[in-house]
Amino acid sequence: MNLESFPKHGRFGEFGGKYVPETLNAALTELEDFYEKAKKDKRFQARLRYLFAEYAGRPTPLYLAENLTKKYGGAKIYLKREDLLHGGAHKINNAIGQALLAKSMGKERIIAETGAGQHGVATAMACAALGLKCEVYMGAEDMERQRLNVVRMKILGARVNPVLSGTKTLKDAINEALRDWVTNVNTTHYLIGSVVGPHPFPMIVRDFQSVIGKEIKRQSLSKLGRLPEAVVACVGGGSNAAGSFYPFIDSQVRLVGVEAGGLGLSSGKHAASLSAGEPGVIHGMKTFVMQDADGQISTTHSVSAGLDYPGVGPEHSFWKDIKRVEYTIATDGQAVDALLELSELEGIIPALESSHALYIATTIASKMPSRKSLVVTLSGRGDKDVDIVMQQPQVASKLGTNS
Ligand SMILES: *Cc1c(COP(=O)(O)O)cnc(C)c1O
C-alpha cells in the first residue's frame, strides 16, 4: 500500500476537502503553495529542526516502562514521552511549525481558537518565541472552567477574546476565529490545533506532528533492532495519533487509535466520532462526526477536555475506511485507572487524554508474547488534570480525600 501520494486534491479517499466560503479558498491555496515550498526549503527545515531541538526539547525519550510491563506480563511497553516537551504536550510541535510557516509567509498576526486552553497556550508560546502577535478565541464558559490557562496565555503576551455566542464553548470559538480569518486573511494566519479543518490543514499538522513517529521508528531500530509490533495513541482531533502513525502507514506495524468512550457508547455521553459517528461535514471538512438524525452536531462528553471534540481528522476516517488503523475506545473510568496506575508504577503522571491510550495499550500488551514490543504515545503530562482526577469517586475514596 503506497499512501505517500495522498492527499489527492485535498482528499483522503472520500474524506477531507475544503468546505469553506469562497473568500477563504484563495488563502487556503496560498497556504498550500507556500507549504509545499517550505517543505523543500533547506533553510526552513533547518530552522524547524533547531526550534524542535533547542526550544521544544526534541527528541523525546522512548522509555521502557519496566514496572508496567512486568505487571501485565506480555509485550514490552515503551512510552513515547511527548509529556516532556516544552508546555507539557505534543501541541508545541504543530504550534512552532505553523508559527514558523506564518512568519515565513510574512503574516505577523496569528489567531487560534482553544477549548481547554492547551492549544491556546502552545500557540501563545510559539508566537512569543517567534515575535508574532497572538489572539486566541475562547468560549466564555471555557474561560471560566480553565482559568489557569487563560492566565498563562495572558502572561505569554496573547490577547484572549471571550466568545459569548451559542454555548460559549469550543465550537463557537471556532466560528469566531473563522469569521476573523475571513476579514483579516491578508495579514493573519489561522493556527489550527489538530489534524482538522479544510485542506491543507490536516496534511500540514500531520506532517509537523510526524516527528513523533519518525523518532519512534529511529529509536526502535536502535533499541530493538527492528520496528515495534504495535503503536497506540489517543484520538481527539487526532494529531498526536496521526503523527505517531503516519511514518508506519506503509509498514506491517499494528496501529491502534483510542477515542474517548466517556460513560460508555450506549450512554450517548462520549466523544467517539469514529466508533459511533457517521460521515458528515464539520469545520470545513468531510469526516466522521457525532450527529443526530437531522445532521445536527451532538454534544460530546469526556473526562478529558482535550478529547472532547465531535469530529476527527479526515485522514483517520480514511484509515478507518481502508482498515489500516483500528479504532477503539476507553471510558472515563478506565482512563482514570490508567492514570493512577502509571503514576504509581512509573512515577509519571500522564494526561487524561494519553491515559485512554495507555489503558488500551496495557490490554493489548497483556495478550502479546514477551518478546514483542508495543509503543504508546504519552501525548502530555497530567499535572493539569489532578483536580478532575481528585473529583472521581473511585479516587476520592482511594486517596482518602474524604477524610
Ligand atoms: C489536545 C490534546 C490531545 C488531543 O489532541 P489530538 O489532536 O487528538 O492529539 C491529546 N493529548 C493531549 C495531552 C492534549 O493536550
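None of the values given here were measured: they were computed from a predicted structure.

J.: Give a detailed account of the pairing of strand β6 (residues 133-139), specifying residues and quantitative values.
T.: Counting buried positions along β6 yields 6 of 7 residues, so the element is predominantly enclosed. In terms of strand pairing, β6 meets strand β7 (residues 159-163) through 5 bridges, oriented parallel. Residue valine 136 lies in a different strand from β7, and its bridge partner there is valine 160.

J.: Which residues make up empty space enclosed by the protein, and what values do they have?
T.: In this structure the tally under the stated criterion is 2 cavities of 30 Å³ or more. In terms of lining, the largest cavity is formed by His86, Gly87, Ala89, Lys91, Ile92, Gln118, Val121, Ala122, Met125 and Arg152. Listed by contribution, the elements that provide at least two residues to the lining of the largest cavity are α4 (91-104) and α5 (118-130). Residue contributions to the lining of the largest cavity peak at 4 residues, all from α5. Residue composition of the lining of the largest cavity, by class: 5 nonpolar, 3 polar and 2 charged. Quantified by volume, the second largest cavity comes out at close to 40 Å³. In terms of lining, the second largest cavity is formed by Ala27, Glu30, Leu31, Met105, Lys107, Trp181, Thr188 and His189. Within the residue set of the lining of the second largest cavity, elements represented by two or more residues are α1 (22-40) and β8 (188-190). Among the elements that take part in the lining of the second largest cavity, α1 stands out by supplying 3 residues, more than any other. Grouping the amino acids of the lining of the second largest cavity by side-chain chemistry returns 4 nonpolar, 2 polar and 2 charged.

J.: Could you give an account of the sheet that holds strand β13 (residues 326-330), with specific residues and numbers?
T.: Strand order across the open sheet formed by 6 strands is β3-β4-β14-β9-β10-β13, with mixed pairing between neighbours. The open sheet is flanked by β3 (62-64) and β13, the only strands paired with a single partner. Strand-to-strand, the axes of this sheet are offset by a mean angle of 25°, without reference to chain direction. Summarising the sheet, strand β9 (residues 230-234) and strand β14 (residues 373-378) pair through 3 bridges and their orientation is parallel. Across the sheet, alanine 230 pairs through a bridge with leucine 374, a residue of β14.

J.: An account of the side chain of glutamine 98 is requested, with residue identities and associated values reported.
T.: Of note, glutamine 98 is situated in helix α4. With sequence-adjacent residues up to four places away left out, glutamine 98 is seen in contact with His189, Tyr190, Leu191, Ile192, Phe201, Ile204, Val205 and Phe208.

J.: So what's going on with the site of the ligand? Residues and values would help.
T.: Taken together, 15 residues lie around the ligand, and Lys91, Ser194, Gly238, Ser239 and Ser379 are the ones closest in. Measuring from an oxygen atom of the ligand, one finds a backbone N or O atom of glycine 237 at 3.2 Å. Within the complex, 96% of the 380 Å² of free accessible area of the ligand lies under protein. Residues belonging to the shell around the ligand are distributed by class as follows: 3 nonpolar, 10 polar and 2 charged.

J.: Residue-level account of the packing of α4 against α5, with values.
T.: The geometry of α4 relative to α5 is characterised by a closest axis approach of 9 Å and an angle of 45° between their N-to-C directions. When the axis of α4 is compared with that of α5, the two are oblique. When you trace α4 past α5, the crossing you get is right-handed. Along the contact surface, α4 presents Lys91, Ile92, Asn94, Ala95, Ile96, Ala99, Leu100 and Lys103, while α5 presents Gln118, His119, Ala122, Thr123, Met125, Ala126 and Leu130. For the contact of α4 with α5, a count of residues per class yields 9 nonpolar, 4 polar and 2 charged.

J.: So what about the pattern of salt bridges? Which residues, and what values?
T.: Per the stated rule, a full pass over the model turns up 20 salt bridges. Arginine 58 is the partner of glutamate 215 in a salt bridge, and the nearest nitrogen-oxygen pair spans 2.8 Å. Residue glutamate 215 is located in helix α10 (residues 211-224), and its partner arginine 58 is located in the loop between α2 (42-56) and β3; the two are separated by 157 residues in the primary sequence. No difference in accessibility class separates glutamate 215 from arginine 58, as the two residues are buried. Through salt bridges with shared partners, a single ionic network connects Arg58, Lys80, Glu82 and Glu215.

Calculation criteria
- Residues numbered from 1 in each chain as written.
- Predicted model: local features only at pLDDT ≥ 70, side-chain atom pairs only at ≥ 80, totals over all residues.
- Heavy atoms only, no water.
- Buried < 20%, exposed > 50% of the residue type's maximum accessible area, 1.4 Å probe, protein only.
- Helix = DSSP H or I, 4+ residues; strand = E, 2+ residues; numbered from the N terminus.
- Pairing = 2+ DSSP bridges.
- 1 Å grid on protein atoms, 1.4 Å probe; cavity = no way out; pocket = protein on both sides within 12 Å on 5 of 7 lines; lining within 4 Å.
- Points joined across faces, edges and corners; volume = space filled by probe spheres on them.
- Nonpolar A, V, L, I, M, F, W, Y, C, P; charged D, E, K, R; others polar.
- Axes fitted to C-alpha atoms, helices over the stretch in contact; angles between N-to-C directions.
- Contact = heavy atoms within 4.5 Å.
- Near = heavy atom within 4 Å.
- Polar contact = N/O pair within 3.5 Å; in protein donor to acceptor, adjacent residues only side chain to side chain.
- Areas by Shrake-Rupley, 256 points an atom, 1.4 Å probe, with all protein chains shown as cover.
- Parallel < 35°, antiparallel > 145°, perpendicular 65-115°, else oblique.
- Left-handed = near helix turned anticlockwise from the far one by under 90°.
- Salt bridge = Lys/Arg side-chain N within 4 Å of Asp/Glu carboxyl O.

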